[in-house]
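Geometric and topological summary
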Amino acid sequence: MTNKILVIFIAVLSTFQVIASDKIIEQFNSTNLFYTSAYPSGNISLSIDPNNKTEGANGLKINYTIPVSGYTEILRSYGSNTLDLSFQPIGLSFYLKGNSNQKGSIKVMLYEDNNMNGNPFESDDEIWECSLGSILNNPNWTQQLVNYTSFTKSGGGVGTLNLNRIYSWRLVFENPTSSSITENVWIDDLRQITSYDITTNNGALLNGSFIQLWNTNGCACGQWTQSQWEDQMQSMKDVCMDKLIIQYSIYKDNAWYSPSNASFVNYTNPTLSYMFSAAQKVGINLYLGLYFDETWNSTDKSLSTTYSDLLVNHKKTIDELYNLYGNQSNFEGWYIPQEINDLEWQTNSNRDLLANWLQQTASYAKTKDVSKKVIIAPYFGPNQPADILQNWYEQLLTIATNIDIVSPQDGVGTSTKDIDVDIPLYFNAIKNAVHGKNKSFWATAESFTQTHGWPIDNSNFAALPTSILNLSQQLSEEKQFATNLIQFEWGYMQPGLNASTQKLYDDYKLYSNCITTSIDEDLKTLKSKLLIFNRNNEALQIKALKEQHVSLLGSNGSLIFEGFLKIGEEYDFNNIRGLVLIRNESDELSEVHKIILP
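Right, let's walk through the structure included here. (Residues numbered from 1 in each chain as written. Predicted model: local features only at pLDDT ≥ 70, side-chain atom pairs only at ≥ 80, totals over all residues. Heavy atoms only, no water.)

The subject of this paragraph is the overall build of the chain. Helices and strands together make up the secondary structure of the chain, namely 9 helices and 34 strands. Here the analysis covers contacts within the chain between residues at least 6 apart in sequence; of these, 75% occur between residues at least 24 apart. As displayed, the chain offers around 25500 Å² of accessible surface, 47% of which is attributable to carbon and sulfur atoms. (Helix = DSSP H or I, 4+ residues; strand = E, 2+ residues; numbered from the N terminus. Contact = heavy atoms within 4.5 Å. Areas by Shrake-Rupley, 256 points an atom, 1.4 Å probe, with all protein chains shown as cover.)

Here it is in structure tokens:
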């Protein structure tokens, strides 16, 4: 039976002729997720084994005793949320390790819950199974590939396995012998295998960034001077960003603008004024976040007072911000900072409370200027199947008609989302709902890798900047759906903050190949007095704005050019491709520019 499954799986892979993408379903790092049973009698125990693993930190060791004609199992239930395995499905994969004396057999089972009520045993639900037979006698890790077409209805019958309504998966260990057996096995790395062709680099670039002014553990940028803001805005512009979303203009009792007469504000800062001035110089547009405090994360979302009290604070904040900055040419819109998700608002009553509050907030903002856009950046679990999530957004935006832009967080940084399965599946569903309501769909790419906090551990949240490889994969996938890509947040790629943030910024700057494309740019913003542009993507051209020594090096360190450039003269370099380092030196300055020529 095993060989047949493998042949079917390989045949499917050959038919699609793609690099199959996959999604981790379970890495077995905890025994708390699994229910075990034995019938009619017997014993089973589970333990985490860091010494036997294929992926992640641990494997799961299973010790069991099964009487004649008995079985034992482990399972993971997803309750009324269900698991969505419908994205370009091929099958399941997991790793298994036993020993040469094993006599037990194993089968895989999937339970449906088609009405998502938490009961998988109703007339419209089915149980599906695939027997892998006696394969537990291999003492080495072996990958088991189980094609969905190999599942049959438990108890017989015909039909189609409903992969976006999976209530639970089960691995069942059976005793096919005429005597009791006592054995142990290890399992690891359960994955969903799809036929999706992973998106390669499609030139997707960030259009902007979020920034947290209150984050004293990060940039502490709420305390920056005018000069510091000008430096940072230039750094953003140097990687072609033209949008900055300020997460909160008021955090608790601290306003990042002055003056403020709001009763809930004790401290004021001139930060937003610095930001508008600095952003204006380099052509960056600002979105102003409204009021926020941490009680939102724990308050009861089924109470109308949760929303009415917050609406009062939002209106006061909108009034003050618009009076101060409403006439700024680079004031582009508003951001509602309260994070929403598809878990706390699943009931119709909670969802409608949320939608009405969003509509009231956005409507009030538009009384100031109807042209200013209103953004939300929701988090998705995924706690619901993709089709249910699409319907949820359709219902939300039917009420919240004045929300202009939906920019969901990709969740990749928190390790709860998969780039090449969850992103195309769920972003496409949300995008369909958003576009169906004639709204704009953006994407929020998390530019960090979480190191502590849920779901990793019980510590406080902590994260490090991601790698350019991860970020480029995120952007490549999300560009298929979104008109604008916004990273969260600037503190993870801020140049000069620390070595890791500097590295991500430098790597992204190189990746973005964001170089000047016109010699008509305002030369006053150029520190190096060296103008670099790529004429028609055919020739590298350099113009010196003061006399200086310039050298060009290829990616292997080879010297392409070295010489002294005179003021005002243009120098053309044809037939140069790939990575080029341009080093320029004068009495006041020494710089290195990294560019990539296609």
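Counting 92 residues, the largest nonpolar core has Met 233, Leu 272, Met 275, Leu 358 and Ile 403 as the members making the most contacts within it. At 8 residues, the largest contribution of residues to this core is made by helix α7 (residues 422-436). (Core = buried A, V, L, I, M, F, W, Y, C linked by side-chain atoms within 4.5 Å. Buried < 20%, exposed > 50% of the residue type's maximum accessible area, 1.4 Å probe, protein only.)

With respect to the secondary-structure elements, Gln 494 resides in the loop between β27 (485-488) and α9 (499-512). In this structure Gln 494 comes out as buried when scored by relative accessible area, which is 5%. With residues near it in sequence (within four places) discarded, Gln 494 still touches Cys 219, Trp 224, Gln 232, Thr 501 and Gln 502.

Our focus in this paragraph is the sheet that holds strand β8 (residues 127-133). Think of a sheet as strands paired side by side through backbone hydrogen bonds, with each pair either parallel or antiparallel. Spatial ordering of the open sheet is given by β2-β5-β11-β7-β8-β10, a layout of 6 strands whose pairing is antiparallel. Each having just a single partner strand, β2 (35-39) and β10 (152-153) make up the two edges of the open sheet. (Pairing = 2+ DSSP bridges.)

What follows is about the pattern of salt bridges. Counting across every chain of the model gives 16 salt bridges. Across the salt bridge formed by Lys 23 and Asp 422, the nearest N and O atoms sit 3.0 Å from each other. Here the residue Lys 23 occupies a position in strand β1 (residues 20-26), and Asp 422 occupies one in helix α7, the gap between them amounting to 399 residues. Neither Lys 23 nor Asp 422 differs from the other in exposure class; each is buried. Where Arg 76 meets Glu 26, a salt bridge forms, and the shortest distance between an N and an O atom there is 2.8 Å. Here Glu 26 lies in strand β1 and Arg 76 lies in strand β5 (residues 71-77), a separation of 50 residues in the sequence. (Salt bridge = Lys/Arg side-chain N within 4 Å of Asp/Glu carboxyl O.)

A few words on the packing of aromatic side chains. Evaluated as defined, the whole model comprises 33 aromatic pairs. Each ring, one from Trp 214 and one from Tyr 251, has its centre 4.7 Å from the other, and the planes form 10°; the classification is stacked. Within this pair, whereas Trp 214 is found in the loop between β13 (208-211) and α2 (226-238), its partner Tyr 251 is found in strand β15 (residues 250-251), the two being separated by 37 residues in sequence. According to the relative accessible area criterion, Trp 214 is partly exposed, its value standing at 25%. Tyr 251 sits in the buried class, given a relative accessible area of 12%. Seen in terms of ring centroids, Tyr 287 and Trp 442 are 6.0 Å apart; in terms of plane orientation they differ by 85°. Their pairing is edge-to-face. A residue pair is termed long-range when its members are at least 10 positions apart, and Tyr 287 in strand β18 (residues 285-289) and Trp 442 in the loop between β23 (440-441) and β24 (443-446) qualify at 155 residues. (Phe/Tyr/Trp six-rings, centres within 6.5 Å; stacked < 30°, edge-to-face > 60°.)

Attention shifts here to the environment of Leu 354. Examined against the element boundaries, Leu 354 turns out to sit in helix α5 (residues 348-368). Sequence spacing of Leu 354 and Ser 304 is 50 residues, and the spatial spacing of their C-alpha atoms is 9.1 Å. Not counting chain neighbours up to four residues away, the residues in contact with Leu 354 comprise Tyr 307, Ile 340, Trp 345, Trp 392 and Leu 396.

The 9 strands are arranged β23-β22-β21-β20-β18-β14-β13-β27-β24 in an open sheet whose pairing can be described as parallel. Each having just a single partner strand, β23 and β24 make up the two edges of the open sheet. Strand direction decides the pairing type here: β24 and β27, joined by 4 bridges, are parallel. Among the inter-strand pairings, Glu 446 is bridged to a residue of β27, identified as Phe 488.

Here helix α4 (residues 304-325) contains 22 residues, and its C-alpha end-to-end distance of 31 Å stays within 8% of the 32 Å for a straight helix at 1.5 Å per residue. Thr 306, Tyr 307, Leu 310, Leu 311, Asn 313, His 314, Thr 317, Ile 318, Glu 320, Leu 321 and Tyr 325 are the residues of α4 that are buried. Looking at the buried residues of α4, the elements they touch are β15, α3 (271-282), β18, β19 (291-292), β20 (331-335) and α5. (Expected span 1.5 Å × (residues − 1).)

Let's shift gears to the side chain of Asn 175. Of note, Asn 175 is situated in the loop between β11 (166-174) and β12 (181-197). For Asn 175, a relative accessible area of 5% corresponds to the buried category. In this structure the side chain of Asn 175 is engaged in a polar contact, spanning 3.1 Å, whose partner is the backbone oxygen of Ile 66. Asn 175 has contacts with Ile 66, Pro 67, Val 68, Ser 69, Gly 70, Ser 180 and Ile 181, leaving out every residue within four places of it along the chain. (Polar contact = N/O pair within 3.5 Å; in protein donor to acceptor, adjacent residues only side chain to side chain.)

So, about the packing of helix α8 (residues 468-478) against α9. For the pair α8 and α9, interaxial distance at closest approach is 10 Å and the crossing angle is 50°. On the basis of their axis angle, the class for α8 and α9 is oblique. In this structure, α8 meets α9 at a crossing whose hand is right-handed. In contact with Ile 468, Leu 471, Ser 472, Leu 475 and Ser 476 of α8, α9 contributes Leu 504, Asp 507, Tyr 508 and Tyr 511. (Axes fitted to C-alpha atoms, helices over the stretch in contact; angles between N-to-C directions. Parallel < 35°, antiparallel > 145°, perpendicular 65-115°, else oblique. Left-handed = near helix turned anticlockwise from the far one by under 90°.)

Moving on to α5. With 21 residues, α5 should cover 30 Å at 1.5 Å per step; its first-to-last C-alpha distance of 31 Å lies within 8% of that length. For α5, every residue scored as buried is listed here: Asn 350, Arg 351, Leu 354, Ala 355, Trp 357, Leu 358, Gln 359, Thr 361, Ala 362, Ala 365 and Lys 366. For α5, the secondary structure elements touched by its buried residues are α4, β20, β21 (373-376) and α6 (386-399).

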